[in-house]
Amino acid sequence: MTWCAGTEKETGQNVVVLWLLSTQLTNTPNTPNTGSLLLAPSEPSKPEENKKACNWVALFVSALNKIIDHWDLGNQLSLTIDPCTPNVTWASTTANPSVICDCAGITCHITHLKIYALDILGEIPRELFELKELIDLNLGQNVLSGPIPAEIGQLSKLQYLSLGINNLTGPVPPEIGNLSKLLSLSFGSNQFSGPLPMELGKLTTLQELYLDSSGVTGPIPQELANLKSLNTLWASDNLFTGQLPEFLGTFAELKDLRLEGTLLEGPIPSNFGALVKLDILRVGDLGEEDSSLGFLENLTSLSTLSLRNCQVSGKIPEQIGKFAKLQYLDLSFNKLTGQIPNSFQEFTVLQFLYLGDNNLSGELPTNIITPKLIALDVSFNPMSGNLPLNFVRTGFSMNVLGTSINGNGLPDRGGFGLLNCLQGDAKCSNQIPALSSFSIKCGGTSQTSASGIEYDDDSETLGAASFYKSSRWAVSSTGNFVFNSNGPQYIASTDSQITETLESELYKTARLSPSSLRYFGLDLMNGKYIVELHFAEITMEDDTSSWKGLGRRIFDVYIQGERVLQDFNIQKEAGGSKRALIKTFETNVSNTIMNIHFMWAGKGTCCIPLQGTYGPLVSAINVRQVPGAGNSANRGRKRVGRIVGISLGCAAAVVIVSSVFYLWWIKDDAPGHMRVHTDIPKK
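A few points on the structure. All values reported here derive from a predicted model rather than from experimental measurement.

**What about unusual backbone geometry?**
- With an omega of 5 degrees, the peptide bond running from Gly266 to Pro267 counts as cis.
- Here Pro267 lies in the loop between β16 (265–266) and β17 (280–283).
- A cis amide bond links Ile608 to the next residue, Pro609, at an omega of 5 degrees.
- Examined against the element boundaries, Pro609 turns out to sit in the loop between β39 (594–599) and β40 (617–618).

**As for the side chain of Asn238**
- Within the fold, Asn238 resides in the loop between β13 (232–234) and β14 (239–241).
- Overall, the relative accessible area of 2% leaves Asn238 in the buried class.
- A distance of 3.0 Å separates the side chain of Asn238 from the backbone nitrogen of Ser214, its partner in a polar contact.
- What Asn238 contacts, discounting residues up to four positions off in sequence, is Leu211, Asp212, Ser213, Ser214, Gly215, Val216, Gly261, Thr262 and Leu263.

**Regarding the pairing of strand β15 (residues 256–259)**
- Across the two faces of β15 the burial is the same, with Asp256 and Arg258 and Leu257 and Leu259 all buried.
- In the sheet, β13 pairs with β15 via three bridges, with the strands oriented parallel. Bridge pairing in β15 links Thr232 to Asp256.
- Two elements, β15 and β17, share four bridges in a ladder whose sense is parallel. By the bridge assignment, Arg258 is partnered in β17 with Arg282.

**Description of the state of the cysteines**
- Within this structure, the stated rule accounts for one disulfide.
- Across a sulfur-sulfur distance of 2.3 Å, Cys606 and Cys607 are joined as a disulfide pair. Linking Cys606 and Cys607, the disulfide has an S-S dihedral of approximately -90 degrees and is accordingly described as left-handed.
- The exposure class of Cys606 is partly exposed, given its relative accessible area of 28%.
- Relative accessible area serves as the criterion here: at 22%, Cys607 is assigned to the partly exposed category.

What counts and what doesn't
- Residues numbered from 1 in each chain as written.
- Predicted model: local features only at pLDDT ≥ 70, side-chain atom pairs only at ≥ 80, totals over all residues.
- Heavy atoms only, no water.
- Helix = DSSP H or I, 4+ residues; strand = E, 2+ residues; numbered from the N terminus.
- Buried < 20%, exposed > 50% of the residue type's maximum accessible area, 1.4 Å probe, protein only.
- Polar contact = N/O pair within 3.5 Å; in protein donor to acceptor, adjacent residues only side chain to side chain.
- Contact = heavy atoms within 4.5 Å.
- Pairing = 2+ DSSP bridges.
- Disulfide = S-S within 2.5 Å.

And the structure:
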């Protein structure tokens, strides 16, 4: 075939390059580019048209070479043959990279371009947007940086656009609103800034929208109410403000809605009850007004329901127990009252049930452990009574810590010494406390540090709702890594050397949690303590040349009910992965127990480098009493009745000492010195 009359040998290579860019020749080369490539041979009788055709070749070959060089794709795609040749390796939908053509008549169009998870670096070149016939553009899971060029709005035939898991910055361009044929749009897990453009409301054919962890902020535009065709919306881990939009309740086709880890306020709109096609509903971390569960009555298609930390109050509706498809139910960290409905004994496929940190009362239904149930958490509720039937079962885990449920029969009855005392202001020890320190090697075996600190073994296998008690401390873990294809991962480990420390072994294991992880120091002498929390990010990479290094782990830390770390990112504060980081705090113990709580609040990426990579992680804990700061009340009891005839001079001395102590106490409340209380938090 002759492409440019008399110049086939000179231009053959470049013509093939032109195919890949789909920057095209036409029968009338002096007309605007139409996104097609002429298949018919050139006609020697029309040398002027052939000359113009060759000019078009030279123009766009130069642009394509920039793309190939910039993205270093020379070894990925063969440019020595026509990329639209039938049955070439890159023409398959499963190939990567993939170039798929649509050839009709005498022209070919490149309609699909996939360069997925190949760690492409650099910005998106504007030359790419000459591919005006594209239907599907997938550049996901790379390391693309810089802004999305405004020229993206020229790809008016796009139906599928994936830019998720990259390092793109700047605002989301309003020109995306020009892509009126889009069915699926993904730009989650990036570093965008500013609000969502209202022009997204023009995408009325859109069925899937993935913008989780994208970095966008501000109110969700009212114009998005036009997206009536949406069946999937992932929008978690963005700093959205304002109220949870009521217009979401008008998306009648919605099957999957995820909105966790935002700054949105409640209540959950009652019209969410119209979303009868919902299969997955994950809303969390709402502030301000309380919500109720009344809207759930008709949502019988749900398989996953999570309304964690949503200020939900009132009773749990009996109707939920009749949801025949429900496999995962999380209503933890709310204000629910009353008893667990008896209908919860009727679940047929439920696997995970989380009701912890509420105000539920009464007894557990006798047959609440249904045949498929894997985990049951009712911890930190004022519940009583006996354990349900069949609570000892292979593969089943249960957490009833912080309740008044009778623990007879559980494998670790010792843990139940904690139960009653963690409710309210009850005394947590019947004996004179004798301990002034404890140290834990979280997720690992015992070891002694170079400085002589003995860290206790914490390698006990914990499930999706578990607690474990040693002689000096206890640990409680709740939550399940939903959609984790690798199964439960509650302990992380690495063989890599940990830097920025002389204690590398201390950081090579860590305890993980997808939701809530609590450590308790037991039988402590009252007084002031130093708390050292040891961290090292050992599951997320920090390789800036790979998409696997783009993950962000974010969680909160509470000590004695007070939040001491918010939106904590180990990797960011340590300056990279596999680097040791120690955070030190002062706190007070007045009820013989210390509570250290690591909590996921819906923030951070979910799936980098693997699905289920999120939530709290801690390597070790070292707690010690401040020298001379112990409470002498217990020692004083032994001397009561022995002191007789106190003189006025001694009384005056006591007044002076008390005054000094009072001044010290006031100083301790000064800014920079956090007073930490002993009440169990709702976080």
